[in-house]
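So you can see what is in the structure, the chains are spelled out below.
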Amino acid sequence: MLECLIAADDITYGALLNGGPVERVPRRGMIVHEFPDRNIAMQTVGAPHLWSRLTAAMERADLETDERFATAAARRAHWPALMAEIRTWLEGFDSAESAVGALTGARIPAVPMLSPEEVVNHPHLLAQRHAFPEVDHPVHARSRSRPRHFTSMASP
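Residues numbered from 1 in each chain as written. Predicted model: local features only at pLDDT ≥ 70, side-chain atom pairs only at ≥ 80, totals over all residues. Heavy atoms only, no water.

Things to note about the sheet that holds strand S1 (residues 30-34)
A sheet is described by the order of its strands in space; here three strands give the open sequence S1-S2-S3, paired in antiparallel fashion. Sheet topology places S1 and strand S3 (110-113) at the edges, where each strand pairs with a single neighbour. Neighbour-to-neighbour, the strand axes of this sheet turn through a mean angle of 25°, independent of strand direction. Two elements, S1 and strand S2 (residues 39-43), share five bridges in a ladder whose sense is antiparallel. (Pairing = 2+ DSSP bridges. Helix = DSSP H or I, 4+ residues; strand = E, 2+ residues; numbered from the N terminus. Axes fitted to C-alpha atoms, helices over the stretch in contact; angles between N-to-C directions.)

Next up, the structure:
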């Protein structure tokens, strides 16, 4: 499943492995928040039960009744303002582990995350799965290739 999730990202790993720029912006509704020890990823604006859980965990009932955030569509439409509120709350945690603990304790999807560079260099993916083999490339010399099942709209 891990390799399938990597392959589902149709731009990041193709760019990283071929010397291109890596976009580091998640889609609306997802937050990647940086802590000194690690980044975390969390889901925020989807199902109504997630929203009520998040506002309860944040102890921010005012956000749940705020017209800008009353529906999933409204939360996406006002994403910059909502993201600022959530980030302010996350900054109250001293580590990624404590933030993930609070979020998962509130039944909100959240995980510590690896950077694309950490994924490409992960020992399990390299040694056990051979997910990123090295190949000769006419422009970039010898480099790691995309997994053979990976396709990208950005590449010819």
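Quick look at unusual backbone geometry
Positive phi values are uncommon outside glycine, yet Glu59 reaches one of about 55°. Mapped onto the secondary structure, Glu59 falls in the loop between helix H3 (48-57) and helix H4 (61-65).

With respect to helix H7 (residues 96-105)
Ala96, Ala99, Val100 and Leu103 are the residues of H7 that are buried. Relative to the axis of H7, the buried residues are bounded by an arc of 95° and lie together on one face. Facing away from the buried side of H7 by over 90 degrees, the exposed positions are Glu97 and Gly105. On the buried face of H7, the contacting elements are S2, H3, helix H6 (79-90) and S3. (Buried < 20%, exposed > 50% of the residue type's maximum accessible area, 1.4 Å probe, protein only. Arc of directions from axis to C-beta. Contact = heavy atoms within 4.5 Å.)

From the geometry alone we can't say anything about function, so treat these as descriptive.
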